[in-house]
Amino acid sequence: EASGPAPQLGSSESYELAWNASGGRIAAREQWGVIRALASLRQLTIGEGRGFCGLAAHIEDAPAFRWRGAMVDTGRRYYPLEFWRGLLDAMERVKLNVVHWHATDAESEPVVFDSLPNVSRRGAFGPSAVYRSEDVVALVDLAASRGVRLVPEFDGPSHSASFARAMPRLFCDDTVMDPTLDELYSDLIGPVLRDARRLFADDAIHLGGDEVDLTCWNASSSIAAWLDRRNDTVDDLQAVYFARASESARRAGFSRTVAWDDVLQAGGAPSIVHAWRGQSGSPVSDDPWLVRAATSGIDVVTSHGLYLTAGNSVDADLVVAWQDVYDRDILAPLQGENASAADRVLGAEAPVWGTSVDRLTWDHVAWPRLAVLAERLWTPPDRFTPGNYTAFLPRLMLLRCRLLASTPVAVSPLDDYPSVDKRSFLEQCDALRWPRLL
């Protein structure tokens, strides 16, 4: 089990930092604020010989949004523990605070559940491509030490073929679960979530629920008979699954359920809606499922317009430029008569899907765009001017140097802007080469 305290959705990250030639002082309500203050202190310091110097400052700060994250997809690719350590180090440097761990998908189920060992034995890519209990606990503890929440997702009822390889009797076919079977919840969902609750410290569990294929449900005579007895239709099955999976999560000890916006459309009631879809022909800023959730009084996290992987190659994945992330105001859809619903917007996260990214290319695709998202979500939206890249770019270039000097992440180079003072920039980067602590 996770051994120490871990941040939660309601944790305070506010802090006060005073720093001058005589020394410094940090004050915070919780330890997570201290971690954020230290990240700010690193950004104020420049390495110098065998020591370092810092700019004098007095800062009182707190994040604009409580959910500032990235998604890692181990259902499509296995990422070794060294990758996770580098990711968490970099996230702490830029004050990101959530890793949404999309743990399972059709291709792989890499988490070893002690109560169901055959699931990963048959569902993972191989015996060396798994996360044992001690690995998960170590990652949870490491994330907490960086002020990062690790929120797991075990997707269903679709995107779950890797589970079917171990327990086909609980599936309608080899791609989608059969929500009408009591054994699905007693023999699979319940044990998985109980094991997950023991391993993960966060109070939230992501139950997936996206892109459900109704083909087998429509063709199954046993499902049709079950629906007839209840006077329901196939369209009701997704909500049935989510309700029963949510009850399993509650019994396991999770206090919040997260689900993709498909579940809200199907009539489900998650604690937190994860918005990802738009409307054909509409601008990204519309974010219709964020609007629907927030105006319905439901907390919402959005990834709409923030997919850092969008195609089947790295080149295609880079269509969302860092400038697009910088300009993304997640509260823009709630202007006017819907402005009162803005409090329901917890924040955003950038998915990095494993369909086109592996360990060798993940950093190149994700960074520095994750750093841009981090700044966008920490800072109140009214402090941003869309398109004001000239003022932001030098700071982003310097941050790239800091990340390369202090973490293992391979941050992609940035566009060459004539307005940047290259000599001053290179001098600052040179000063950062020595101290790993920066």
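Residues numbered from 1 in each chain as written. Predicted model: local features only at pLDDT ≥ 70, side-chain atom pairs only at ≥ 80, totals over all residues. Heavy atoms only, no water.

Engineer: What's the story with the overall build of the protein in this structure? I'm lost.
Structural biologist: Helices and strands together make up the secondary structure of the protein, namely 17 helices and 13 strands. For the protein, the residues scored as buried account for 57% of the 438 residues in total. The long-range share in the protein, meaning contacts at least 24 apart out of those at least 6 apart in sequence, stands at 73%. Accessible area for the protein stands at about 18100 Å²; split by element, carbon and sulfur atoms hold 49% of it. (Helix = DSSP H or I, 4+ residues; strand = E, 2+ residues; numbered from the N terminus. Buried < 20%, exposed > 50% of the residue type's maximum accessible area, 1.4 Å probe, protein only. Contact = heavy atoms within 4.5 Å. Areas by Shrake-Rupley, 256 points an atom, 1.4 Å probe, with all protein chains shown as cover.)

Engineer: Help me understand helix 4 (residues 133-145) in this model?
Structural biologist: Given 3.6 residues to a turn, an α-helix orients residues that are three or four positions apart in the same direction. Taking 1.5 Å of rise per residue, 13 residues should cover 18 Å, and helix 4 covers 18 Å from first to last C-alpha, within 8% of that figure. Along helix 4, the positions that sit buried rather than exposed are S133, D135, V136, V137, L139, V140, L142, A143 and A144. On the buried face of helix 4, the contacting elements are helix 1 (31-44), helix 2 (81-94), strand 7 (98-102), strand 8 (149-156) and helix 6 (182-199). Positive phi shows up at G147, right after helix 4, with a value of about 75°. (Expected span 1.5 Å × (residues − 1).)

Engineer: Explain the pairing of strand 13 (residues 345-352) here, please?
Structural biologist: It is a general feature of regular strands that their side chains alternate between the two faces of the sheet. Of all eight residues in strand 13, eight are buried, a share of seventy percent or more. Pairing between strand 6 (residues 67-73) and strand 13: six bridges, direction parallel. What sits directly across from M71, in strand 13, is P351. Bridge analysis of strand 12 (residues 299-302) against strand 13 gives three bridges, and the strand direction is parallel. (Pairing = 2+ DSSP bridges.)

Engineer: I'm lost on the pattern of salt bridges in this one. Help?
Structural biologist: Once the charged atoms of two side chains with opposite charge are near each other, the side chains can pair. Under the defined criterion, the tally for this structure stands at 23 salt bridges. When the shortest N-O distance is used, the salt bridge between E247 and R250 registers 2.6 Å. Of this pair, E247 and R250 are both found in helix 9 (residues 237-252), three residues apart, which corresponds to roughly one turn of the helix. Residue R344 pairs with D299 through a salt bridge whose shortest N-O separation is 3.0 Å. Of this pair, R344 sits in the loop between helix 13 (322-327) and strand 13 while D299 sits in strand 12, and the two are 45 residues apart along the sequence. Among the charged side chains, a network of salt bridges with common partners joins D73, R76, D105 and E107. (Salt bridge = Lys/Arg side-chain N within 4 Å of Asp/Glu carboxyl O.)

Engineer: How should I be thinking about the sheet that holds strand 2 (residues 23-28) in this particular structure?
Structural biologist: The strands that make up a sheet pair up through hydrogen bonds in the backbone, lying either parallel or antiparallel. Here we have three strands laid out as an open sheet, ordered 2-1-5, and antiparallel in their pairing. The open sheet has two free edges, formed respectively by strand 2 and strand 5 (57-61), since each of these has just one partner strand. Sheet twist, expressed as the average angle between the axes of neighbouring strands with direction ignored, equals 5°. For strand 1 (residues 15-20) and strand 5, the ladder comprises five bridges, and the chain directions are antiparallel. In the sheet register, A18 faces strand 5, and the bridge partner there is H58. Docked against the sheet, helix 1 engages strand 1, strand 2 and strand 5, running at close to 35° with respect to strand 1. (Axes fitted to C-alpha atoms, helices over the stretch in contact; angles between N-to-C directions.)

Engineer: Could you clarify how one ought to interpret the environment of D202 in this entry?
Structural biologist: Relative to the helices and strands, D202 resides in the loop between helix 6 and strand 9 (204-208). Between the alpha carbons of D202 and R256 there is a distance of 9.3 Å; along the sequence they are 54 residues apart. Those residues in contact with D202 that lie beyond four places of it in its chain are P7, Q8, R149, L150, V151, R197 and F254. Polar contacts involving the side chain of D202 include one to the side chain of R149, which spans 2.7 Å. (Polar contact = N/O pair within 3.5 Å; in protein donor to acceptor, adjacent residues only side chain to side chain.)

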